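Chain and residue survey
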Protein chains: 4
Amino acid sequence: MTDLQEVLDEIAAEAASVEDCGVVAQYIPELAKVDAKQFGIAVTLPDGTVHSAGDSATGFSIQSVSKVFTLALALGKLGDSVWSSVGREPSGNPFNSIVQLEQEKGRPRNPFINAGAIAVVDLIMAGHQPKEAIGEIIQFIRHLADDDSILIDEHVARSETAHGDRNASLAHFMRSFGNIDHPVDHVLGVYFHQCALVMNCRQLARAGLFLASQGRDPVTGAQVVSEQRARRINAIMLTCGHYDGSGEFAFRVGLPGKSGVGGGILAIAPGKASIAVWSPGLDRVGNSKLGTAALEQLARRMDWSVFGA
Amino acid sequence: MTDLQEVLDEIAAEAASVEDCGVVAQYIPELAKVDAKQFGIAVTLPDGTVHSAGDSATGFSIQSVSKVFTLALALGKLGDSVWSSVGREPSGNPFNSIVQLEQEKGRPRNPFINAGAIAVVDLIMAGHQPKEAIGEIIQFIRHLADDDSILIDEHVARSETAHGDRNASLAHFMRSFGNIDHPVDHVLGVYFHQCALVMNCRQLARAGLFLASQGRDPVTGAQVVSEQRARRINAIMLTCGHYDGSGEFAFRVGLPGKSGVGGGILAIAPGKASIAVWSPGLDRVGNSKLGTAALEQLARRMDWSVFGA
Amino acid sequence: MTDLQEVLDEIAAEAASVEDCGVVAQYIPELAKVDAKQFGIAVTLPDGTVHSAGDSATGFSIQSVSKVFTLALALGKLGDSVWSSVGREPSGNPFNSIVQLEQEKGRPRNPFINAGAIAVVDLIMAGHQPKEAIGEIIQFIRHLADDDSILIDEHVARSETAHGDRNASLAHFMRSFGNIDHPVDHVLGVYFHQCALVMNCRQLARAGLFLASQGRDPVTGAQVVSEQRARRINAIMLTCGHYDGSGEFAFRVGLPGKSGVGGGILAIAPGKASIAVWSPGLDRVGNSKLGTAALEQLARRMDWSVFGA
Amino acid sequence: MTDLQEVLDEIAAEAASVEDCGVVAQYIPELAKVDAKQFGIAVTLPDGTVHSAGDSATGFSIQSVSKVFTLALALGKLGDSVWSSVGREPSGNPFNSIVQLEQEKGRPRNPFINAGAIAVVDLIMAGHQPKEAIGEIIQFIRHLADDDSILIDEHVARSETAHGDRNASLAHFMRSFGNIDHPVDHVLGVYFHQCALVMNCRQLARAGLFLASQGRDPVTGAQVVSEQRARRINAIMLTCGHYDGSGEFAFRVGLPGKSGVGGGILAIAPGKASIAVWSPGLDRVGNSKLGTAALEQLARRMDWSVFGA
């Protein structure tokens with residue numbers, strides 16, 4: 001039987017030796033100054049045991065990986081009515097594209113592109129002040145990770161706000177079609193805080209465990225979402241989790257996954273493992289370069305692809 | 001344990017009672033005159049046993065389902081060089097859209113939209129006359145289905161040719177970018193014959209069995225494609241197999257699948273089953289309405305989703 | 001010789017008898033409540049004489065007609081450097097489309113679509129507070145119209161702001177590409193005030209006279225812009241002045257013109273006349289229905305097309 | 001008074017001294033081998049006198065300039081019903097774009113982009129064999145130029161056919177929407193012959209004279225089209241005559257004009273002159289670089305802009 005720890009150690013060693021580890025996200029100074037030469041990986045198994053390697057205890061900005069958790073939160077609060085505000089089709093376009101939003105009258109294609117995640121935040125905010133909504137999101141993620149030490153990096157949140165014109169454009173665009181209810185600066189305030197959550201690989205893998213375990217946290221026993229809903233979140237991660245590189249990730253890795261421009265990726269092997277990997281250098285479409293390669297290795301060596309027997 | 005035959009019988013009975021079974025494809029007369037009130041389903045298990053219900057022995061035009069087989073054939077002949085002519089990302093557009101082809105300089109997004117399948121045919125034709133290429137495709141599919149009685153409906157092929165302006169437009173467009181080598185009428189001649197293959201659900205489920213069995217035909221023992229390649233074909237089926245309804249199919253059914261406008265769908269439960277369903281009525285994006293609903297039922301009741309534990 | 005006053009009287013009489021006068025703009029309440037059954041026309045000749053008919057002394061919201069004046073103002077202040085922020089090609093898209101802005105990296109196609117006019121306002125604001133910029137625009141237009149009574153309707157300006165999400169989206173989008181320097185709410189504040197200027201046909205025709213007179217106000221003798229610049233503004237009015245109906249307006253009327261969603265149109269017959277027409281009902285692409293028909297009549301009967309001998 | 005011949009001589013001398021004369025069209029070998037260092041200009045006045053300079057007697061492939069004549073021919077044969085097959089708006093896209101054709105269901109934006117000109121040819125062909133239609137077009141142009149020696153270059157026509165995939169794509173696309181009646185190879189056969197017409201500047205300026213003279217050939221006295229129709233053709237030339245550089249041409253030159261990738265441009269100064277210029281080097285959007293500069297000079301020095309007094 002393949003030894004998981006051994007595989008992780010080898011993957012981490014290999015990552016350390018790679019020359020071209022991609023380009024760190026440049027759009028906000030706080031992300032641009034992160035050292036590209038970092039790599040961490042952690043795997044949480046259904047029995048709660050954790051294996052890890054590399055910089056798995058170093059915190060990073062989870063950015064768009066947070067969209068998985070806000071989607072789960074919104075589905076829990078509002079049920080399938082979420083789908084009247086956002087679709088579940090791959091977009092065939094970059095993460096911040098506005099073209100399809102014009103063609104489809106302000107309804108984002110899926111909850112994992114920026115526009116879709118902003119629409120999900122607007123839903124979560126119903127009846128809440130921005131601070132309350134931020135609090136609800138952070139509590140939900142602490143609960144999932146079973147770790148109350150998880151925090152938001154206010155510097156990153158402020159920097160996102162200062163450079164947030166593209167997202168403001170998306171939000172105003174949707175609002176002009178009536179698909180955003182709250183004031184744009186409130187919605188973006190929450191959204192930028194959600195993106196600025198800091199987690200390490202161990203925390204992130206733990207937080208995603210319910211998606212590998214039929215919607216249930218196998219350690220605490222809490223049913224986070226229904227089994228069917230967990231499957232469906234996995235399905236959207238697989239078809240839409242890597243922007244316009246989703247097909248490529250499915251092809252190479254074969255697991256549901258969600259990436260962030262901070263270099264993190266959460267991947268789910270249903271029934272087998274929740275995996276978090278992090279390396280700040282990105283590829284052409286904005287997904288972690290070493291992170292994707294590591295997951296490809298891991299899935300192959302552990303035989304975890306959902307497309308295999 | 002759930003009894004598969006019982007489930008299939010119930011699904012077929014339910015299908016027979018549905019009022020709104022969608023709209024039969026209208027773009028060629030031969031398809032338009034098919035009776036919408038038909039429904040068949042067949043499941044082939046890795047041990048080769050077959051279960052079926054409804055009109056599972058009635059032949060139908062497999063149309064775009066054939067794209068799975070020509071992709072496998074091209075990969076077998078040319079290896080990964082296929083991917084220099086065609087991508088593997090969902091398109092976010094209808095099956096016959098030309099917009100993305102202009103933006104991406106004649107390279108189709110994936111092998112399952114029309115442009116991509118035409119590019120694959122062009123690759124298969126290398127060194128062949130059209131008739132030989134048609135012969136090679138039909139032999140490959142007969143081999144997969146272990147059934148030499150499978151034929152092409154020449155009326156359908158001719159009718160496609162007579163109404164083939166949209167596909168001719170796609171082919172000439174790619175050719176203007178150098179992504180089609182052979183004369184357009186030759187390539188389309190092969191393509192339209194491939195689409196005009198007639199199979200019934202039992203034959204189709206049998207032909208897809210290698211994708212559920214690590215690339216190997218478990219009955220004859222022939223290795224059709226490598227295990228990794230089988231997984232990757234499944235991945236593309238999941239992300240791109242239902243045109244601009246691929247995300248929805250993954251969300252509802254949770255299995256790799258490929259649909260055709262004749263109303264057929266081939267779906268793969270890796271390690272568990274190859275499934276063919278057929279009902280001619282289509283939904284808004286061109287996928288079988290009752291067929292999708294039947295697969296949703298089947299996957300849920302048999303617990304076959306790739307996204308579950 | 002054709003008698004101009006007679007022609008105007010007949011045109012106004014005809015307009016009064018038309019049943020279908022189009023649909024009043026609905027996007028802000030202040031415009032939606034205007035009575036569609038109004039029609040005014042005024043013609044100023046190079047010698048300063050004015051002929052008019054119908055409701056030519058009734059004020060209306062000039063909206064996008066103001067873009068002609070802010071373009072002239074910006075060109076006067078900044079010269080041809082204006083063209084590094086905005087192009088001069090027809091867009092082939094609706095007035096508020098964001099698609100081309102994404103393809104062309106935040107540079108609007110021309111100064112007469114919304115995005116382009118917002119970019120022009122940003123240029124005018126250099127070194128100014130919003131109030132000062134508004135003051136400069138209103139002084140410039142009063143100067144052109146030789147009429148200090150011209151005012152801004154604050155209700156309309158506020159209503160535009162309250163319903164300004166689409167324009168905010170355009171502005172943030174351009175700002176994300178560095179093509180807007182000032183804070184978006186400042187720029188939009190100025191832009192919405194500019195659009196809320198109230199003028200009647202007599203004032204508007206007078207204000208446009210310099211464009212019919214080689215850039216010079218023939219009454220006061222002031223050279224507003226150079227002769228070449230006047231011609232070029234006319235050229236842009238002809239190719240871009242009616243959004244995605246610009247070709248149609250050139251075809252039917254044959255004069256440079258600029259429309260606004262308030263139902264006003266300014267048209268220029270170089271060397272012959274400056275014409276303002278107003279009727280609040282709009283056609284499908286957002287141009288005054290009766291206004292266009294009136295200009296078509298007038299140009300034909302006075303033989304004023306720039307495309308004739 | 002400005003001496004026209006002197007101006008032309010100076011313009012030709014200046015053109016001969018320019019270093020960067022653009023890039024000759026590369027898409028067919030016959031055009032690619034033309035010497036870029038050629039320049040001719042000819043002006044025909046309403047009294048029939050001709051002034052010229054440079055290589056004004058050298059024949060060249062008129063290419064898309066022919067679209068002006070086929071539009072006039074189609075309008076003469078079919079009247080305004082032409083406009084049900086083709087629009088009259090600038091496209092905001094390159095000459096051979098297919099994007100807008102998909103959005104607008106196969107109806108080209110105007111008769112001067114490739115798709116529009118192909119649709120016009122399809123109209124002209126009604127009731128004719130391809131050879132007859134080619135004959136009718138060549139006779140019409142000989143009649144306009146009052147010169148029976150004008151011929152088609154069969155090498156160019158054949159070369160266009162051999163490299164005609166992009167135009168074939170456009171034609172099949174329109175045909176799939178029912179906007180082309182005849183077989184695509186027939187329509188393209190006529191279209192490629194029309195583009196392969198060889199004329200020199202003197203012939204071309206003469207052929208366009210009716211557009212500067214109220215639709216009438218002032219030499220022969222023949223009324224080619226009505227006065228109103230001549231104006232309208234001029235209007236379309238101004239808004240759509242230079243593909244996605246039409247706004248720029250109107251801005252710089254201020255005259256209706258139609259360019260071809262052979263490097264020719266026909267420009268009309270209504271009531272004053274018909275002008276043909278030719279220089280094979282093209283700018284970025286496919287219009288003659290020196291030709292445009294020459295027309296800018298000429299219009300400015302002769303004060304011929306339609307936008308001036």
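Note that the structure is predicted; figures quoted are calculated from it, not measured.

**Observations regarding the packing of helix α6 (residues 130-145) of chain D against helix α9 (residues 184-195) of chain D**
Residue and element names in this part refer to chain D. Packing of α6 against α9 brings their axes to within 9 Å, and their N-to-C directions diverge by 25°. The pairing of α6 with α9 is recorded here as roughly parallel in orientation. Here the hand of the crossing between α6 and α9 comes out right-handed. The residues of α9 that touch α6, namely those facing P130, A133, I134 and I137, are H186, G189, V190, H193 and Q194. Class assignment of the residues belonging to the contact of α6 with α9 gives a composition of 5 nonpolar, 4 polar and no charged.

**Considering the pattern of salt bridges**
Within the structure shown, the criterion is met by 60 salt bridges over all chains. Residue D80 of chain A is joined to R229 of chain A by a salt bridge in which the shortest nitrogen-to-oxygen separation is 3.3 Å. In this pair, D80 of chain A is assigned in the loop between α3 (66-78) and α4 (99-103) and R229 of chain A in helix α12 (residues 227-240), connecting sequence segments 149 residues apart. Exposure remark for R229 of chain A: the relative accessible area of 22% places this residue in the partly exposed category. A salt bridge links D165 of chain B to R175 of chain D, with the shortest nitrogen-to-oxygen separation between them at 2.9 Å. With D165 of chain B in helix α8 (residues 165-176) and R175 of chain D in helix α8 (residues 165-176), this residue pair bridges two chains. Its relative accessible area of 10% is what places D165 of chain B among the buried residues. What makes R175 of chain D partly exposed here is its relative accessible area of 27%. Because the salt bridges share partners, they merge into one network encompassing E104 and R109 of chain A together with D244 of chain B.

**Looking at the pairing of strand β9 (residues 273-278) of chain A**
Remember that side chains alternate between the two faces of the sheet whenever the strand is regular. All names here are of chain A. Burial of β9 is extensive: 6 of the 6 residues sit out of reach of the surface. Of the two faces of β9, the one carrying A273, I275 and V277 and the one carrying S274, A276 and W278 are both buried. Summarising the sheet, strand β2 (residues 40-44) and β9 pair through 5 bridges and their orientation is antiparallel. Bridge assignment links A42 to a residue of β9, and that residue is A276. Relative to β9, strand β8 (residues 264-269) runs antiparallel, the two sharing 6 bridges. Within β9, the residue paired with A267 across the bridge is I275. Where β8 folds back onto β9 in an antiparallel hairpin, the turn is made up of 3 residues, including G271, whose phi is positive at roughly 80°.

**Describing the sheet that holds strand β9 (residues 273-278) of chain B**
All names here are of chain B. An order of β3-β2-β9-β8-β7 is seen for the 5 strands of this open sheet, with the pairing classed as antiparallel. Two strands lie at the open edges of the sheet, namely β3 (50-54) and β7 (257-259), each paired on one side alone. This sheet shows a mean twist of 10° between the axes of neighbouring strands, independent of strand direction. Contacts between helix α1 (residues 4-17) and the sheet are confined to β2 (40-44) and β3, with β3 contributing the most and set at about 20° to the helix.

**Describing the relation of the copies chain B and chain A**
For the match of chain B to chain A, the screw axis carries a shift of 0.0 Å, the RMSD comes to 0.0 Å, and the turn is 180°. In short, the pair behaves as if placed about a two-fold rotation axis. Residue G92 of chain B of chain B places its C-alpha closer to the rotation axis than any other residue of that unit, at 2.3 Å. In this assembly, 100% of the residues forming the interface of chain B have copies in chain A that are likewise at the interface, indicating an isologous arrangement.

**Points about helix α5 (residues 114-124) of chain B**
All names here are of chain B. Taking burial as the measure, the 11 residues of α5 include 11 buried ones, the bulk of the element. Residues N114, A115, G116, A117, I118, A119, V120, V121, D122, L123 and I124 constitute the buried set of α5. Where α5 is buried, its residues contact α3 (66-78), α4 (99-103), α6 (130-145), α8 and α9 (184-195).

**Quick word on the packing of aromatic side chains**
Taken as a whole, this structure holds 16 aromatic pairs over all chains when the rule is applied. The interplanar angle of 80° and the centroid separation of 5.3 Å between the aromatic rings of F251 of chain C and W83 of chain D together place this pair among those described as edge-to-face. Of this pair, F251 of chain C sits in helix α13 (residues 246-252) while W83 of chain D sits in the loop between α3 (66-78) and α4 (99-103), which puts the two residues in different chains. The class of W83 of chain D is buried, set by a relative accessible area of 9%. Aromatic pair Y191 of chain D and F192 of chain D: ring centres 5.8 Å apart, planes at 50°, arrangement tilted. Look at F192 of chain D and you get buried, because its relative accessible area is 3%. Over the ring of W83 of chain A we find R88 of chain A, and its NZ or CZ is 5.1 Å from the ring centre.

**Quick look at the environment of C240 of chain D**
Residue and element names in this part refer to chain D. Relative to the elements of secondary structure, C240 occurs in helix α12 (residues 227-240). Classification of C240 as buried rests on a relative accessible area of 2%. Separated by 129 residues in sequence, C240 and P111 place their C-alpha atoms 8.4 Å apart. Beyond its immediate sequence surroundings of up to four residues, C240 is in contact with R88, E89, P90, N110, F112 and S246.

**A short note on the side chain of R88 of chain B**
Counting through the fold element by element, R88 of chain B comes out in the loop between α3 and α4. Non-local contacts of R88 of chain B, meaning those with residues more than four positions away in its chain, are made with G247, E248 and F251 of chain A together with W83, R109, N110, I236 and C240 of chain B.

**Considering the UniProt feature "binding site: substrate" (unreviewed entry) in chain A**
All names here are of chain A. Mapped onto this numbering, the UniProt entry annotates "binding site: substrate" (unreviewed entry) at S64, N114, E160, N167, Y191, Y243 and V261. Position of S64 among the secondary structure elements: in the loop between β4 (60-61) and α3. Classification of S64 by relative accessible area gives buried; the value is 4%. Among residues more than four places away in sequence, those in contact with S64 are N114, Y243, K258, S259 and G260. Position of Y243 among the secondary structure elements: in the loop between α12 and α13 (246-252).

**Remarks on the side chain of R232 of chain C**
Mapped onto the elements of the fold, R232 of chain C is located in helix α12 (residues 227-240). With a relative accessible area of 13%, R232 of chain C lands in the buried category. Setting aside its immediate chain neighbours within four residues, R232 of chain C contacts F251, R252 and E296 of chain D.

**Focus: the sheet that holds strand β7 (residues 257-259) of chain C**
Residue and element names in this part refer to chain C. Across the sheet, 5 strands lie side by side as β3-β2-β9-β8-β7; this open sheet has antiparallel pairing. Pairing within the sheet leaves two strands with one partner each, and these edge strands are β3 (50-54) and β7. Neighbour-to-neighbour, the strand axes of this sheet turn through a mean angle of 10°, independent of strand direction. Here strand β2 (residues 40-44) runs beside β3; their pairing, made up of 5 bridges, is antiparallel. Bridged to A42 within β3 is S52. Docked against the sheet, helix α1 (residues 4-17) engages β2 and β3, running at close to 20° with respect to β3.

**A few points about the environment of T220 of chain C**
All names here are of chain C. Position of T220 relative to the elements: it lies in the loop between α11 (209-212) and α12. Between the alpha carbons of T220 and L144 there is a distance of 9.6 Å; along the sequence they are 76 residues apart. Among all residues touching T220, those that are not within four sequence positions of it are D146 and R206. Within the structure, T220 has its side chain in polar contact with the backbone nitrogen of A222 (distance 3.2 Å).

Conventions used here
Residues numbered from 1 in each chain as written. Chains lettered and ligands numbered in written order. Predicted model: local features only at pLDDT ≥ 70, side-chain atom pairs only at ≥ 80, totals over all residues. Heavy atoms only, no water. Axes fitted to C-alpha atoms, helices over the stretch in contact; angles between N-to-C directions. Helix = DSSP H or I, 4+ residues; strand = E, 2+ residues; numbered from the N terminus. Parallel < 35°, antiparallel > 145°, perpendicular 65-115°, else oblique. Left-handed = near helix turned anticlockwise from the far one by under 90°. Contact = heavy atoms within 4.5 Å. Nonpolar A, V, L, I, M, F, W, Y, C, P; charged D, E, K, R; others polar. Salt bridge = Lys/Arg side-chain N within 4 Å of Asp/Glu carboxyl O. Buried < 20%, exposed > 50% of the residue type's maximum accessible area, 1.4 Å probe, protein only. Pairing = 2+ DSSP bridges. Least-squares fit on C-alpha atoms with pLDDT ≥ 70 in both. Phe/Tyr/Trp six-rings, centres within 6.5 Å; stacked < 30°, edge-to-face > 60°. Lys NZ or Arg CZ within 6 Å of the ring centre and 35° of its normal. UniProt positions renumbered as here; feature names shortened; annotations may be inferred. Polar contact = N/O pair within 3.5 Å; in protein donor to acceptor, adjacent residues only side chain to side chain.

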